[in-house]
Amino acid sequence: MQRQTVYLFFCLLLAGIPARALDSATATENALTPIRSYISSAWDVLTRSMTKCDSIADPKLATTAVLYLPAGFPPTSSVQRLEKDCKVEVKYLPIEIHRPGEIDVNQIQPPGLLFLENRYVVPGGRFNEMYGWDSYFEILGLLRDGRLDLARGMVENFFFEIEHYGTILNANRTYFLTRSQPPFLTSMIMAVYQAEKAAGKADSGWLAKAYGYASKDYEMWNRDPHRAGATGLSRYYDFGEGPAPEGLQDEAGYYRSVASFFFEHPEVADHDLVETRTGETNPDAIGFLFTLQLCEATSAGSKCDPLKTLSLTRDFYKGDRSMRESAFDISFRFGPYSAQTHHYAPVCLNSLLYKTEKDLEQMSRLLGKANESDKWQKRADERKERINKYLWDSERGQFFDYNFDTQKRSSYEYASTFYPLWAGLATPEQARSVLESLPVFEQAGGLAMSHTNTGAQWDYPYGWAPIQLLGIEGLRRYGFSADADRLSYKFLSTVLENFRRDGTIREKYNVVTRSSETHVATGYKSNVVGFGWTNGVFLELLHSLPPAVVERLANEESTAARPRQNN
């Protein structure tokens, strides 16, 4: 090993590279080796397939493990082995599914895992299935780590979902057949295609297949009920009714807390809370019943008389489920508990659909489909015009969600304002205005989701890897490189600092305290270890930093780690 180092040293000198550059590069590599090794090994830990028993378990529900195949789909040898070796019950879905909402998921009992053909990466912890938008950030990390086959297989799993389950699902469980997640499919496709092209393996046949599936899935967002009123924009919408089943076990008491909030704030509960009376049927009341009591404390105990019974409404649960399709669960962005999600044309969704249209335009050009390319360009131009009309606030210099029922733009400042920069639809002037709003979101550890502390995990003071990447790439796209580098450094150093302390990478961070300690008051409260999208974003942000900033990061990491090594 010493002989090889000496040889490399002289080779670098002959190439005109000073020895101190070798020392610097080696030091940088050594300082970041522990976290890079953690991420590299995590891909294997987080990988699931139909050949692994641990793929079936669902930590979110206390039910028997069941694997569901599409109706009429022939069982594979891997499924047969899984059934035998893991004692897994294998069932078939009762009908062929062509679009979401086509089947009542309550009739699929017990709920279970939906079959996918290829291996896939799960986020970690309670999330033991392949998720819609998580996968984009995981795929970026896999490509940076040279795991191209795994990344491509995950994209092809989404093709399978579109063909057999009607759309890209929130995740591959039966209770997710009612909704999708933010549409990143074309971004995943192009990332894999370009990585293969860079490796000398550009596959136009695969791109053509991908183009067909992506075009089909895109249409779901542009027909009712995903249309946002008369705006010409799109909205989030879950086809299910009532409480979301995946939250009933590990978000215990959540709906009770929501009902309590609306009872105490009747001014914002017009469509969310109703009274139910014995013997009367209220079609607007579904789900749980909550009883209010008047109690008298005495030495012998408490005596209570019931006052009234309340229920969250059908409209509330529709908004609650649609919020989960938005993947920002939970924030107060679309009203308290985001209960009005389905009444808004969101900045994030419509920016992603603009990006999808531009990607499909590029794909059709690569495939020689000139007429279709013109169609996608026109659609993108029309969406951009509508985004500017409904979502851009020139006075405040930010993009805001639009309530198409009240015909009013929201005033809730949210980190989704960076999406139009990432998608490339903002004008240079708009991008400059958004940059000037950066102090609203920038904290010691990166970008916070908002500046409103609601106790929800997708609000202040929490920062999430996907939003760091989208915000930073958006700023970099418009030439604000110094700001992008600064934010990258803040978030990467936060992840490194916490990794150094507990040896893990987490789902989210408190970017105000630069800590992985979270005190979420509502919704699920854990900070899951793993974590797929944080791993991927870490690699992607690190790759985009100038060498001098990476060296600074490594030097600080090396200095901070030294005392521990000397003990």
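Residues numbered from 1 in each chain as written. Predicted model: local features only at pLDDT ≥ 70, side-chain atom pairs only at ≥ 80, totals over all residues. Heavy atoms only, no water.

As for the pairing of strand β8 (residues 301–313)
Next up, step 1: Direction of pairing for strand β6 (residues 273–276) relative to β8: antiparallel, over a ladder of 4 bridges. Looking at β8, one finds that Thr-276 is bridged to Thr-309.
Next up, step 2: Where strand β7 (residues 285–298) meets β8, 11 bridges bridge the pair, whose relative direction is antiparallel. Across the sheet, Ala-285 pairs through a bridge with Thr-313, a residue of β8.
Next up, step 3: The antiparallel hairpin formed by β7 and β8 contains 2 residues in its connecting segment. (Pairing = 2+ DSSP bridges. Helix = DSSP H or I, 4+ residues; strand = E, 2+ residues; numbered from the N terminus.)

Observations concerning the pattern of salt bridges
Next up, step 1: Considering all chains together, one arrives at 38 salt bridges under this definition.
Next up, step 2: Here Arg-48 makes a salt bridge to Asp-54, at a shortest N to O gap of 3.9 Å.
Next up, step 3: Judged by its relative accessible area of 11%, Arg-48 falls in the buried class.
Next up, step 4: With a relative accessible area of 38%, Asp-54 lands in the partly exposed category.
Next up, step 5: Here Asp-58 and Lys-60 are joined by a salt bridge, their closest N and O atoms 3.0 Å apart. (Salt bridge = Lys/Arg side-chain N within 4 Å of Asp/Glu carboxyl O. Buried < 20%, exposed > 50% of the residue type's maximum accessible area, 1.4 Å probe, protein only.)

Points about the state of the cysteines
Next up, step 1: Inspection of the entire model under this criterion finds 2 disulfides.
Next up, step 2: Note that Cys-53 is cross-linked by a disulfide to Cys-86, the S-S spacing being 1.9 Å. One quick way to see it: the torsion about the S-S bond of Cys-53 and Cys-86 is about -75°, and its sign makes the bridge left-handed. Placement of Cys-53 in the loop between β1 (47–48) and β2 (66–69) and of Cys-86 in the loop between α3 (77–85) and β3 (89–92) is noted, with a sequence separation of 33 residues between them.
Next up, step 3: For Cys-53, a relative accessible area of 43% translates into the label partly exposed.
Next up, step 4: Shown here is the disulfide that connects Cys-295 with Cys-304, its sulfur atoms set 2.0 Å apart. The chirality of the disulfide connecting Cys-295 with Cys-304 is right-handed, given an S-S dihedral of about 110°. (Disulfide = S-S within 2.5 Å.)

Examining the nonpolar core
Next up, step 1: In terms of nonpolar packing, the biggest core is built from 173 residues, with Leu-67, Ile-189, Phe-262 and Leu-312 touching the most fellow members.
Next up, step 2: A per-element tally of this core places helix α5 (residues 148–165) first, with 10 residues.
Next up, step 3: When neighbours within four sequence positions are excluded, Leu-67 is seen to be in contact with Met-50, Ile-56, Val-79, Leu-82, Val-88, Glu-89, Val-90, Lys-91, Leu-113, Leu-114 and Phe-115. (Core = buried A, V, L, I, M, F, W, Y, C linked by side-chain atoms within 4.5 Å. Contact = heavy atoms within 4.5 Å.)

Notes on the packing of helix α6 (residues 185–198) against helix α7 (residues 204–220)
Next up, step 1: Packing of α6 against α7 brings their axes to within 10 Å, and their N-to-C directions diverge by 175°. As far as their axial angle goes, α7 and α6 are roughly antiparallel. When α6 is examined against α7, the residues Leu-185, Thr-186, Ile-189, Met-190, Val-192 and Tyr-193 are found in contact with a partner set consisting of Trp-206, Leu-207, Ala-210 and Ala-214.
Next up, step 2: Of the residues in the contact of α6 with α7, the class split is 9 nonpolar, 1 polar and no charged. (Axes fitted to C-alpha atoms, helices over the stretch in contact; angles between N-to-C directions. Parallel < 35°, antiparallel > 145°, perpendicular 65-115°, else oblique. Nonpolar A, V, L, I, M, F, W, Y, C, P; charged D, E, K, R; others polar.)

What to know about the confidence of the model for the chain
Next up, step 1: Per-residue confidence for the chain gives a mean pLDDT of 92; residues scoring 70 or more make up 94%.
Next up, step 2: Across residues 1–15, confidence stays below pLDDT 50; counting only partners more than four residues off in sequence or on other chains, it has 7 contacts. (pLDDT = per-residue confidence, 0-100.)

Concerning the sheet that holds β7
Paired through their backbone hydrogen bonds, the strands of a sheet run either parallel or antiparallel.
Next up, step 1: The sheet built from 3 strands is open, its strands ordered β6-β8-β7 with antiparallel pairing. At either margin of the open sheet sits one strand with a lone partner, and together these are β6 and β7. This sheet shows a mean twist of 40° between the axes of neighbouring strands, independent of strand direction.
Next up, step 2: Across the sheet, helix α9 (residues 314–326) touches β7 and β8, and the angle it forms with β8 is around 70°.

Focus: the sheet that holds β3
Next up, step 1: With respect to topology, 3 strands assemble into an open sheet ordered β3-β2-β4, the strand pairing being parallel. Edge strands, defined here as strands with exactly one partner in the open sheet, are β3 and β4 (113–114).
Next up, step 2: Across 2 bridges, the pairing between β2 and β4 is parallel. Its bridge partner lying in β4, Leu-67 is registered against Leu-113.

A word on the packing of aromatic side chains
Next up, step 1: On inspection of all chains with the given rule, the structure shows 50 aromatic pairs.
Next up, step 2: Ring centres of Phe-261 and Phe-262 lie 5.6 Å apart, and the angle between their planes is 75°; this geometry places the pair in the edge-to-face category.
Next up, step 3: The positively charged end of Lys-375 is found above the aromatic ring belonging to Trp-376, 4.3 Å away from the centroid.
Next up, step 4: Across the ring face of Tyr-489, the terminal group of Arg-552 is positioned such that the distance to the ring centre comes to 3.8 Å. (Phe/Tyr/Trp six-rings, centres within 6.5 Å; stacked < 30°, edge-to-face > 60°. Lys NZ or Arg CZ within 6 Å of the ring centre and 35° of its normal.)

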